[in-house]
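Observations on the three-dimensional arrangement
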Amino acid sequence: MAASRLPYPLTLTGDGIILREWRADDLDDLVRMLDEPEIARWSPMPSPFDVEAGIAYLKRCYQNRVGGRRIQLAITTDGSRPLGEVTLFGVDLGLKEAELGYLVDAGERRRGLASGALSLLSSYAQGSLHLSRLLLRIDPGNVGSTAVARHCGYRLTGEPPILQEGPHGSSRLDTWELVERQPDTRRDRLRNVASRRYRRRT
Ligand SMILES: CC(C)(COP(=O)(O)OP(=O)(O)OC[C@H]1O[C@@H](n2cnc3c(N)ncnc32)[C@H](O)[C@@H]1OP(=O)(O)O)[C@@H](O)C(=O)NCCC(=O)NCCS
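Residues numbered from 1 in each chain as written. Predicted model: local features only at pLDDT ≥ 70, side-chain atom pairs only at ≥ 80, totals over all residues. Heavy atoms only, no water.

Let us look at the site of the ligand. Taken together, 21 residues sit near the ligand, with Arg110, Gly112, Ser115, Asn142 and His151 positioned nearest. Contact between the ligand and Tyr102: a nitrogen atom at 2.9 Å from a main-chain N or O atom of the residue. One of the backbone nitrogen or oxygen atoms of Arg111 is found 3.3 Å away from an oxygen atom of the ligand. When isolated, the ligand has an accessible area of 920 Å², and the protein chains bury 74% of it. When contributions to the shell around the ligand are tallied by element, the ones reaching two or more residues are α2 (37-42), β5 (97-104), α4 (113-127) and α5 (143-151). A per-element tally of the shell around the ligand places α5 first, with 6 residues. (Near = heavy atom within 4 Å. Polar contact = N/O pair within 3.5 Å; in protein donor to acceptor, adjacent residues only side chain to side chain. Areas by Shrake-Rupley, 256 points an atom, 1.4 Å probe, with all protein chains shown as cover. Helix = DSSP H or I, 4+ residues; strand = E, 2+ residues; numbered from the N terminus.)

In structure tokens, the structure reads:
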């Protein structure tokens, strides 16, 4: 990355997922998605998450995006309705390091959206932004999120947990780091085609 500002606008596509910029007309979907107990429990979102919170969220998101401070994209399968969100923030160009986060609409979980979106953005961060240390911070009680991390090639670093106090009590966030290079999506697709052919023969 030549400049210290993260690219804006940005669309990332791969493996049935389109990550796109948030738009003002996403407000209703955003509020419905973020006003949810699991998101309130495991993320720093305000709860209840109402229209006012949604307007402030989209405004802050836009400011961070045009300022190039973070990448914050809606997860979609076709570029239209947002089904979740994936972010890249806390970028340290000196250390070539950044943190990522994700969430998925309660009605759209367990269909690979978080892991697909995390893989896509991790791959972009490594390949295009040349960030070599990608981190996640996850409470070990969040089994869904730790499963996503493991699925995408992240591993526990063994660093001391980060202790936090929130509205749901204390939490201890473990640090996970991407240790496996994200597969080249084209090569991955070809491998998937090959394995599908193989399965057909057996
Ligand atoms: C955690 C969360 C993002 C997972 O999203 P998702 O789209 O359902 O995840 P995926 O479908 O990509 O699942 C990836 C893997 O995790 C597993 N998984 C997902 N949710 C799980 C759960 N609640 N319990 C156990 N395993 C789970 C899937 O089975 C899949 O397993 P695999 O590796 O065997 O294929 C979603 O539950 C969520 O938004 N939670 C609230 C917000 C949150 O916790 N964000 C992360 C903060 S660190």
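With that out of the way, let us pick up the confidence of the model for the chain. Overall, the predicted model of the chain reaches an average pLDDT of 90, with 88% of residues at or above 70. Note on residues 192-202: pLDDT under 50 across the span, and 0 contacts to partners over four residues away in sequence or across chains. (pLDDT = per-residue confidence, 0-100. Contact = heavy atoms within 4.5 Å.)

This paragraph deals with the nonpolar core. Residues Leu19, Ile71, Leu88, Tyr102, Leu121, Leu136 and Tyr154 are the most contacted members of the largest nonpolar core, which totals 34 residues. Going through the elements one at a time, β2 (17-21), β3 (71-76), β4 (84-92), β5, α4, β6 (133-138), α5 and β9 (169-178) are the ones with two or more residues in this core. Counting residues per element, this core draws most heavily on α4, at 8 residues. Leave out the neighbours within four places in its chain, and Ile71 touches Leu6, Leu10, Arg65, Val86, Thr87, Leu88, Leu121, Tyr124 and Leu129. Leu27, Met45, Leu58 and Ala74 belong to the second largest nonpolar core, which has 15 residues in total. (Core = buried A, V, L, I, M, F, W, Y, C linked by side-chain atoms within 4.5 Å. Buried < 20%, exposed > 50% of the residue type's maximum accessible area, 1.4 Å probe, protein only.)

It is at 9 Å that the axes of helix α1 (residues 27-34) and helix α3 (residues 51-66) come closest, and there the two elements cross at 115°. As summarised for this structure, α1 and α3 are arranged roughly perpendicular, according to the angle between their axes. Relative to α3, the crossing made by α1 is right-handed. Listed contacts from α3 to Leu27, Leu30, Val31 and Leu34 of α1 are Val51, Gly54, Ile55, Tyr57 and Leu58. (Axes fitted to C-alpha atoms, helices over the stretch in contact; angles between N-to-C directions. Parallel < 35°, antiparallel > 145°, perpendicular 65-115°, else oblique. Left-handed = near helix turned anticlockwise from the far one by under 90°.)

Scanning the entire structure with this criterion turns up 2 aromatic pairs. Relative to Tyr62, the ring of Tyr8 has its centre 6.4 Å away and its plane inclined at 80°; by these criteria the two rings are edge-to-face. Note that Tyr8 is positioned in the segment before β1 (12-14) and Tyr62 in helix α3, a separation of 54 residues in sequence. With a relative accessible area of 49%, Tyr62 lands in the partly exposed category. Consider the rings of Phe49 and Tyr57, whose centres lie 5.8 Å apart with planes at 80°: the pair is edge-to-face. Against the face of Trp42 rests Arg41, its NZ or CZ located 4.2 Å from the ring centre. (Phe/Tyr/Trp six-rings, centres within 6.5 Å; stacked < 30°, edge-to-face > 60°. Lys NZ or Arg CZ within 6 Å of the ring centre and 35° of its normal.)

Right, let's talk about the pattern of salt bridges for a bit. This model, assessed by the stated rule, comprises 13 salt bridges. For Arg32, the salt bridge goes to Asp29, with nearest N and O atoms at 3.3 Å. In this pair, Arg32 and Asp29 both sit in helix α1, 3 residues apart, roughly one turn of the helix. As a salt-bridge pair, Arg109 and Glu36 come within 3.0 Å of each other at their nearest N and O atoms. Separated by 73 residues along the polypeptide, Arg109 in the loop between β5 and α4 and Glu36 in the loop between α1 and α2 bring together distant segments of the chain. Taking the relative accessible area as the measure of exposure, Arg109 reaches 31% and is therefore partly exposed. What emerges from the salt-bridge pattern is a single network uniting Glu97, Arg133, Glu159 and Glu177. (Salt bridge = Lys/Arg side-chain N within 4 Å of Asp/Glu carboxyl O.)

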